[in-house]
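A closer look at the structure
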Amino acid sequence: VQLQASGGGLVQAGGSLRLSCAASGGTFSSYAMGWFRQAPGKERELIAAISWSARSTYYANSVKGRFTISRENPKNTVYLQMNSLKPEDTAIYYCAADTNPRTHKVAGSADFGSWGQGTLVTVSS
C-alpha cells in the first residue's frame, strides 16, 4: 500500500488543522491506520490510531481531547483533526498502516509497517 499524507502547515497556537492520508494499492478498509509524529530531537511516537472497523481508537495522552482520528473507506482516506494546537505539537506527522487484514489487535497495538512520507506541522506561539 502507498500512503500520501497532506494538510500540514503553519498555524498559530489555539488553531486547527486537518491532516489527510490517502491510501492506494491495497485494501484500505481492512487495515488499521495510525498517525505518528516526530519532533526535532525526539523519537517518533504514535499519537492516534483507528482499527479497520473504526470501532476502536487510540490516543496518546498528549493529544487526547484535542485530536480526532477518523476514516472514510470509500475514499481510502484517514484523517487527523487537530484542534487547540500547541507549540509542542510542532513535528513531522506520518500516517501508517497495519496491512494485516482485519487485525484483531486493538488500534494502539497494531503492527504499523507501511509508512507514508511526512507532512510538517508548525505551531507558532
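Residues numbered from 1 in each chain as written. Predicted model: local features only at pLDDT ≥ 70, side-chain atom pairs only at ≥ 80, totals over all residues. Heavy atoms only, no water.

Moving on, we get to the pairing of strand β9 (residues 91–98). Most of β9 sits out of view: 7 of its 8 residues are buried. Pairing of strand β4 (residues 32–38) with β9, which is carried by 7 bridges, proceeds in the antiparallel orientation. Within the sheet, the bridge partner assigned to G34 lies in β9 and is A96. Strand direction decides the pairing type here: β9 and strand β11 (residues 119–124), joined by 3 bridges, are antiparallel. Note that in β11 the partner of Y93 across the bridge is T119. With 2 bridges joining them, β9 and strand β10 (residues 114–115) adopt antiparallel strand pairing. Within β10, the position partnered with A97 by the bridge is S114. (Buried < 20%, exposed > 50% of the residue type's maximum accessible area, 1.4 Å probe, protein only. Helix = DSSP H or I, 4+ residues; strand = E, 2+ residues; numbered from the N terminus. Pairing = 2+ DSSP bridges.)

Next up on the list: the state of the cysteines. What the rule picks out here adds up to 1 disulfide. Residue C21 pairs covalently with C95 via a disulfide, S to S 2.1 Å. Disulfide C21-C95: the torsion about the S-S bond is 60°, which places it as right-handed. Of this pair, C21 sits in strand β3 (residues 17–24) while C95 sits in strand β9, and the two are 74 residues apart along the sequence. Neither residue differs from the other here; C21 and C95 are each classed as buried. (Disulfide = S-S within 2.5 Å.)

Another aspect to go through is the pattern of salt bridges. Enumeration according to the criterion identifies 5 salt bridges in this entry. A salt bridge links R37 to E45, with the shortest nitrogen-to-oxygen separation between them at 3.0 Å. Given the relative accessible area of 33%, E45 is considered partly exposed. One network of salt bridges, with partners in common, ties together R37, E45, R66 and D89. (Salt bridge = Lys/Arg side-chain N within 4 Å of Asp/Glu carboxyl O.)

Time to look at the packing of aromatic side chains. Per the stated rule, a full pass over the model turns up 2 aromatic pairs. Taken together, a centroid distance of 4.5 Å and an interplanar angle of 55° make the contact between F36 and W115 tilted. Here F36, found in strand β4, pairs with W115, found in strand β10; they are 79 residues apart in sequence, far enough to count as distant. Taken together, the aromatic side chains of F36, F112 and W115 make up a single cluster linked through ring pairs. Geometry around Y94 places R44 over its ring, the cationic atom sitting 4.0 Å from the centre. When the ring centre of W52 is taken as origin, the NZ or CZ atom of R102, which lies over that ring, is 5.6 Å away. (Phe/Tyr/Trp six-rings, centres within 6.5 Å; stacked < 30°, edge-to-face > 60°. Lys NZ or Arg CZ within 6 Å of the ring centre and 35° of its normal.)

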